[in-house]
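Spelled out, the chains give:
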Amino acid sequence: MPDFPSHTIPPGRTAKVCLIDTTATIDNIPFARLLEPPVEGVTRIPILRTYSFFLENSQGRKVLFDLGARKDLQNLAPSVRSMLGTVEWIVKVEKDVLDILQENGYKGTDIEAIVWSHHHWDHIGNVAPFPKSVDLVVGPGFKEAYLPGPSAIDDNPIPASDYMGREMIEVDFNGPRSLKIGRMMAHDYFGDGSFYLLNTPGHSVGHLSAVVRTSTNPDTFVILGADAIHETGELRPSQYLPIPETLNLAHLSNPQQNILCPGHAVHQFQESRGRKPTDALFKPTAGYNMVDVRSTIEMLQEFDWNENYFFIYAHDGSIKGIVEEFPIPLNDWKEKDWGLLTKWRFLEYYVPCLRSIAASA
Ligand SMILES: [Zn+2]
């Protein structure tokens, strides 16, 4: 076994964190657009859910992390609309995050800031209906890359209505509340150790993830991975988190899909695709900077083996139906076994292929 990376996070308070299923889904994305090597019989990646997170610290300060996609897709930036017109993706959005907040008795004025993990349309939502007192928090280099200006890309991917008249704050990972968490640069957002923004570049300029302290004694954390990955198989297995030989998939949503010896089958599956058993199932194929995409995944793998960390990425379909959603906090995820129950659930999608490999062995 490798040495397990140590990553001490200084003591701090907890923050309440809730998972919001924004109702946006993206389906029919070709597998090869995001992942390699291929899987026999699999042409599309699993449907992408789109999550936002509601955070509240012990002083009642409330923040949203991402907003999913806006429901009025016709008002996306023109460049995004035309991109969506050229792909065969199936995009559905029923509600904006503000609708979901209001259905649960919250108002836009309750929120102090919205963190955009990055500039993509399926994360920035629609900020315009939030009061101008709500700040936007973005990663390093965001403004220069994505807002109009001499060096900005020609066609702004963000509608001006999202940021005009509103404060946009770029996270300073070298400022007074900065620290290292593992090998990642971090920023203690509230200053109370409950919510750290993480510098996880690669997918886009200034891509942000976050880590939230969900309990103390013992300290547990949820990592909000945003778009650091798009499929759990980009993160797992890893050299620190091999597939258990006797993996119990009894909690799969379809018990008929139980397979007999998935650990063994996955090893053979990896070998058949030129992968080591402890390699992640997939390599990412898309991103702004592929070197950074890969090193961000490696830095996150250094946390993912630890049973006190629960990793959720923005489009994580494998937690759906297990993790309770807003307004119920997910802070007691560990007591409820959500980390264990969801860890290998992504394999369900590949069961037909694993079955045929197991049968032919
Ligand atoms: Zn996304």
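Because the structure is predicted, anything quoted here is derived from the model rather than measured. (Residues numbered from 1 in each chain as written. Predicted model: local features only at pLDDT ≥ 70, side-chain atom pairs only at ≥ 80, totals over all residues. Heavy atoms only, no water.)

**Thoughts on the sheet that holds strand E10 (residues 178–181)**
Piece 1. Here we have 6 strands laid out as an open sheet, ordered E10-E11-E12-E13-E14-E16, and mixed in their pairing. Sheet topology places E10 and strand E16 (309–313) at the edges, where each strand pairs with a single neighbour. Strand-to-strand twist in this sheet, taken as the mean axis angle between neighbours without regard to direction, amounts to 30°.
Piece 2. Here 4 bridges tie E10 to strand E11 (residues 184–188), and the two strands are oriented antiparallel to one another. Paired with Leu179 across the two strands is Ala186, which belongs to E11. (Pairing = 2+ DSSP bridges. Helix = DSSP H or I, 4+ residues; strand = E, 2+ residues; numbered from the N terminus. Axes fitted to C-alpha atoms, helices over the stretch in contact; angles between N-to-C directions.)

**Structural notes on helix H8 (residues 290–304)**
Structural remark: α-helix, 3.6 residues per turn; residues separated by three or four positions point the same way.
Piece 1. The terminal C-alpha atoms of H8 lie 21 Å apart, and with 15 residues this matches the ideal 21 Å at 1.5 Å per residue to within 8%.
Piece 2. All of the buried residues in H8 are Val293, Thr296, Ile297, Met299, Leu300, Gln301, Glu302, Phe303 and Asp304.
Piece 3. Tucked into the core, H8 has its buried residues touching E10, E11, strand E14 (220–226), strand E15 (283–284) and E16.
Piece 4. If you check the start of H8, you find a side-chain oxygen 3.0 Å away from the backbone N of Val291, and it comes from Asn289. (Expected span 1.5 Å × (residues − 1). Buried < 20%, exposed > 50% of the residue type's maximum accessible area, 1.4 Å probe, protein only. Contact = heavy atoms within 4.5 Å. Polar contact = N/O pair within 3.5 Å; in protein donor to acceptor, adjacent residues only side chain to side chain.)

**A few points about the packing of aromatic side chains**
In this description, an aromatic ring pair is defined by two values, namely the gap between the centres and the angle between the planes.
Piece 1. A full pass over the atoms with the stated rule returns 18 aromatic pairs.
Piece 2. For the pair Phe31 and Phe282, a centre-to-centre distance of 5.3 Å together with 80° between the ring planes defines the contact as edge-to-face. Of this pair, Phe31 sits in helix H1 (residues 31–34) while Phe282 sits in the loop between helix H7 (262–272) and E15, and the two are 251 residues apart along the sequence. Like Phe282, Phe31 is buried.
Piece 3. Seen from their ring centres, Phe303 and Tyr309 are 5.2 Å apart, and the 70° between their planes marks the pair as edge-to-face. Tyr309 matches Phe303 in its accessibility class, with the two residues each being buried.
Piece 4. Grouping aromatic residues by their ring pairs yields a cluster made of Phe31, Phe282, Tyr349 and Tyr350.
Piece 5. Its guanidinium or amino end placed over the ring of Phe269, Arg273 lies 4.3 Å from that ring's centre, counting from NZ or CZ. (Phe/Tyr/Trp six-rings, centres within 6.5 Å; stacked < 30°, edge-to-face > 60°. Lys NZ or Arg CZ within 6 Å of the ring centre and 35° of its normal.)

**Let's talk about the coordination of the zinc ion**
Piece 1. For the zinc ion, the full set of protein donor atoms is Asp122 (OD), His123 (NE2), Asp227 (OD) and His315 (NE2), at a range of 2.1 to 2.3 Å.
Piece 2. With 4 donor atoms in place around the zinc ion and angles of 84 to 158° between them, the coordination shape is irregular.
Piece 3. Considered as a linear motif, the donors of the zinc ion on their single chain read D-H-x103-D-x87-H. In this pair, Asp122 sits in helix H4 (residues 121–124) while Asp227 sits in the loop between E14 and H7, placing the two residues 105 residues apart along the sequence. (Donors = N, O, S within 2.8 Å, 3.2 Å for Na, K, Ca; no water. Tetrahedral: all angles 85-135°; square planar, octahedral: opposite > 155°, others 65-115°.)

**Observations regarding the sheet that holds strand E9 (residues 168–170)**
Piece 1. Read across the sheet, 6 strands follow the order E1-E4-E5-E7-E8-E9 without closing on themselves; strand pairing throughout is mixed. Sheet topology places strand E1 (16–21) and E9 at the edges, where each strand pairs with a single neighbour. Put simply, the sheet's adjacent strands are angled 25° from each other on average, direction ignored.

**Considerations on unusual backbone geometry**
Piece 1. The peptide bond linking Asn217 to Pro218 adopts the cis configuration, its omega dihedral lying at 0°.
Piece 2. Of note, the amide linkage connecting Phe326 to Pro327 takes the cis form, showing an omega dihedral of 10°.
Piece 3. Take Pro327: it is sitting in the loop between E16 and helix H9 (338–342).
Piece 4. Not every positive phi belongs to a glycine, and Asp337 is a case in point at roughly 65°.

**Quick look at the side chain of Asp316**
Piece 1. Topologically, Asp316 is positioned in the loop between E16 and H9.
Piece 2. Side-chain polar atoms of Asp316 contact the side chain of Ser318, separated by 2.6 Å.
Piece 3. Ignoring sequence-local partners within four residues, the contact set of Asp316 consists of Arg49, Tyr51, Thr232 and Phe311.

**Quick word on the pairing of E11**
Piece 1. Of all 5 residues that make up E11, 4 are buried, and the element is covered over most of its length.
Piece 2. The loop that links E10 with its antiparallel partner E11 comprises 2 residues; one of these, Gly182, has a positive phi angle of about 60°.
Piece 3. Sheet topology note: the E11/strand E12 (residues 195–199) ladder contains 3 bridges and is antiparallel. Among the inter-strand pairings, Ala186 is bridged to a residue of E12, identified as Leu198.
Piece 4. A loop of 6 residues connects E11 with E12, the two strands running antiparallel in sequence, and Gly191 in this loop sits at a positive phi of about 80°.

**Focus on the pattern of salt bridges**
Piece 1. Summed over all chains, the structure comprises 15 salt bridges.
Piece 2. Residue Glu112 pairs with Arg61 through a salt bridge whose shortest N-O separation is 2.8 Å. You can see Glu112 sitting in the loop between helix H3 (97–103) and strand E7 (113–115) and its partner Arg61 sitting in the loop between strand E4 (51–56) and strand E5 (62–65), a full 51 residues away along the chain.
Piece 3. Across the pair Lys320 and Glu325 runs a salt bridge, and its minimum N-O distance is 2.7 Å.
Piece 4. By relative accessible area, Lys320 is classed as partly exposed at 24%.
Piece 5. Where salt bridges share partners, they join Asp21, Lys320 and Glu325 into one cluster. (Salt bridge = Lys/Arg side-chain N within 4 Å of Asp/Glu carboxyl O.)

No statement about biological role is implied by the geometric values presented.
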